[in-house]
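Spelled out from the first residue to the last, the chains are:
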Amino acid sequence: MGKDMLNTMKYISTVQFSGLINWSVQYLNDSKIAFNKAYPMMPIGEFLKRNKTTVIIQDGVKYKRVTIKIHNGGVVTRDEVKGENIGTKKQFRVESGQFIISKIDARNGAMGIIPNELDGAVVTPDFLSFDIDTTKVNPKYLVLVCTTGQFVEFCHSCSSGTTNRQRINESQFLNIKIPVPSLEKQNELIEEYCKQILSSNKLLEKAKLEEKSIQQYILAKLGVKLPVDIISQKKKKSNLISCVSYKDVERWDMWSKEYYIDTLLNKSTYPVSRLGSLAFTTRKWEKDTDNFRYIEISDIDPVWGIINDTNLSTGDAPSRATQRVYTGDLIIGTTRPYLKRFAIVSEKHNQCICSSAFQVISPDKEYDIEFVYYFLQTQLAVIQFESYMTGALYPYINTSDLCKIKILLPPLSVQNSIVRYANKKRVNVKSYILESRKRCTDALRSFEAKIFEQK
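About the thresholds
Residues numbered from 1 in each chain as written. Predicted model: local features only at pLDDT ≥ 70, side-chain atom pairs only at ≥ 80, totals over all residues. Heavy atoms only, no water. Helix = DSSP H or I, 4+ residues; strand = E, 2+ residues; numbered from the N terminus. Buried < 20%, exposed > 50% of the residue type's maximum accessible area, 1.4 Å probe, protein only. Contact = heavy atoms within 4.5 Å. Areas by Shrake-Rupley, 256 points an atom, 1.4 Å probe, with all protein chains shown as cover. Core = buried A, V, L, I, M, F, W, Y, C linked by side-chain atoms within 4.5 Å. Pairing = 2+ DSSP bridges. Axes fitted to C-alpha atoms, helices over the stretch in contact; angles between N-to-C directions. pLDDT = per-residue confidence, 0-100.

## Focus: the overall build of the protein
Now for step 1: Looking only at helices and strands, one finds twelve helices and 25 strands in the protein.
Now for step 2: Buried positions account for 42% of the 455 residues belonging to the protein.
Now for step 3: Taking the intrachain contacts of the protein between residues at least 6 apart in sequence as the baseline, contacts between residues at least 24 apart amount to 77%.
Now for step 4: Accessible area for the protein stands at about 25100 Å²; split by element, carbon and sulfur atoms hold 51% of it.

Structural data, given as structure tokens:
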């Protein structure tokens, strides 16, 4: 065979007509996932049967709705709403144990198993749900295979549409062949994977305990002890009458937590201030550059702070991109503030533009800005946020109510010592989280090594 012919064959591939389910060259090329041939190959459609249990949404009836987190993050409750607030009236009923996939986010690993708490929930046609033949495949094994990096990457070739609304093709998905070892071997692989994930989860629990110890230390140093009913967010039952001074009345309803908070704060030897007494700042962005770096609510993590920013052209600026921030600023996410999306702006994000969904407090010689940051993460602050929140789907706290949040401000020396302790503990928290993530990654890589051919 001539050299030219050999070179030509590098660019030629063949496929049996029986396996030709798509005329797209990209699909045919990308569909060759290098699965380990040691196990028998089987089309996914061999053990999945489409669920088409139709539900016509009725006014006055409450329905649970589903969302699927990307990157194998799990199937969780989106919300529970009445039928009159649901736009798409024809939906599908799902059952626990079914396999579900998001047509739009399949290319991002949005697949999983319906948990017991979502039995009977409804989904739009943008989701595909299937009954699983458990005599052939362990549902956990199926989810793991379908959310591996190579498989998710392949799902891109099964999707069509515009960039942000690409939907996976059902028939192409069901025709994908994956290795299906015996159930005994599947269970063995899953057990090994779960052991590694269990050790990862234990590290996350350590991180949570360490984070909780920070909050406990802060309140103890401030002389505040939260009652059990406040911590659990249950109202304290009492048949007795409570009195409050007229000058302290801010609400005319019977919200007992406000009385508790005042009682708790007044037991501290340190002065009580309002958050509004600090240096709230609004630096209007004048759009005086061609490009800018944008920070939005989803870019904030309660532990890691600002984890991302997006480089945009000024012409593509979202309407909420309104204010400039500088190193040392404290930015407070006002949408769902109980999620604690607060952060101190680092040098890396100096002069970024942030969303109007943030309120900004500048550093000042009168207080330690990091102390304010840590105080706002305590339960004492969170329950105040919740008392002022308005809005159903996207609860938020407006600026005037945010300014009413009560905060204890001890001398700077005490604030500084609290910050030193909290920062030291936060190093431990981050260390646990990083190791947990590493073990998750190692677990998946170990699983992938057993089902994919090694290059």
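## Describing the nonpolar core
Now for step 1: Ranked by size, the top nonpolar core spans 38 residues in total, and within it L275, L330, F375, L376 and L380 carry the most contacts.
Now for step 2: Those elements that provide at least two residues to this core are helix 6 (183–221), helix 8 (256–267), strand 21 (330–333), helix 9 (369–376), helix 10 (379–388), strand 25 (406–408) and helix 12 (412–451).
Now for step 3: Top contributing element to this core by residue count: helix 9, with seven residues.
Now for step 4: In this view, L380 contacts L219, V224, L226, I261, L264, L265 and F375; residues no more than four positions away in its chain are not counted.

## Re the sheet that holds strand 21
Now for step 1: Reading across the sheet, the four strands line up as 15-24-21-22 and stay open at both edges, with antiparallel pairing between neighbours. Of all the strands in the sheet, the pair left with one neighbour each is strand 15 (280–281) and strand 22 (342–344).
Now for step 2: Pairing of strand 15 with strand 24 (residues 358–361), which is carried by two bridges, proceeds in the antiparallel orientation. Bridged to F280 within strand 24 is I361.
Now for step 3: Against the sheet, helix 9 engages strand 21, strand 22 and strand 24, with an angle of about 165 degrees to strand 22.

## What to know about the sheet that holds strand 8 (residues 111–113)
Hydrogen bonding along the main chain pairs the strands of a sheet, whether they run parallel or antiparallel.
Now for step 1: Strand order in the open sheet formed by four strands is 2-10-7-8, and the pairing between neighbours is antiparallel. Where the open sheet ends on each side, the last strands, each with one partner, are strand 2 (48–50) and strand 8. Averaged over all pairs of adjacent strands, the angle between their axes in this sheet comes to 30 degrees, without regard to strand direction.
Now for step 2: As paired elements, strand 2 and strand 10 (residues 127–132) share three bridges and run antiparallel to each other. Each bridged residue has a counterpart across the sheet, and for L48 the counterpart in strand 10 is I132.

## A word on the confidence of the model for the protein
Atomic detail in the predicted coordinates should be set aside for any region of low pLDDT.
Now for step 1: For the protein, the average pLDDT comes to 85, and 82% of its residues sit at 70 or higher.
Now for step 2: Residue range residues 17–31 is modelled with pLDDT below 50. Its contacts to residues more than four positions away, or to other chains, number 17 contacts.
Now for step 3: Predicted confidence is poor over residues 231–240, with pLDDT under 50, and the contacts of this stretch with residues over four places away or in other chains come to ten contacts.

## A word on the environment of P40
Now for step 1: Here P40 lies in the loop between helix 2 (25–30) and strand 1 (41–43).
Now for step 2: As a C-alpha pair, P40 and I178 span 138 residues in sequence and 8.2 Å in three-dimensional space.

## Remarks on unusual backbone geometry
Now for step 1: For K340, which is not glycine, the phi torsion reads 60 degrees and is therefore positive.
Now for step 2: Among the structural elements, K340 can be located in the loop between strand 21 and strand 22.
Now for step 3: With a relative accessible area of 23%, K340 lands in the partly exposed category.
Now for step 4: Of note, Q351 is a non-glycine position whose phi angle comes to about 70 degrees, a positive value.
Now for step 5: For Q351, the position within the fold is in the loop between strand 22 and strand 23 (353–355).
Now for step 6: Overall, Q351 belongs to the partly exposed group, its relative accessible area being 42%.

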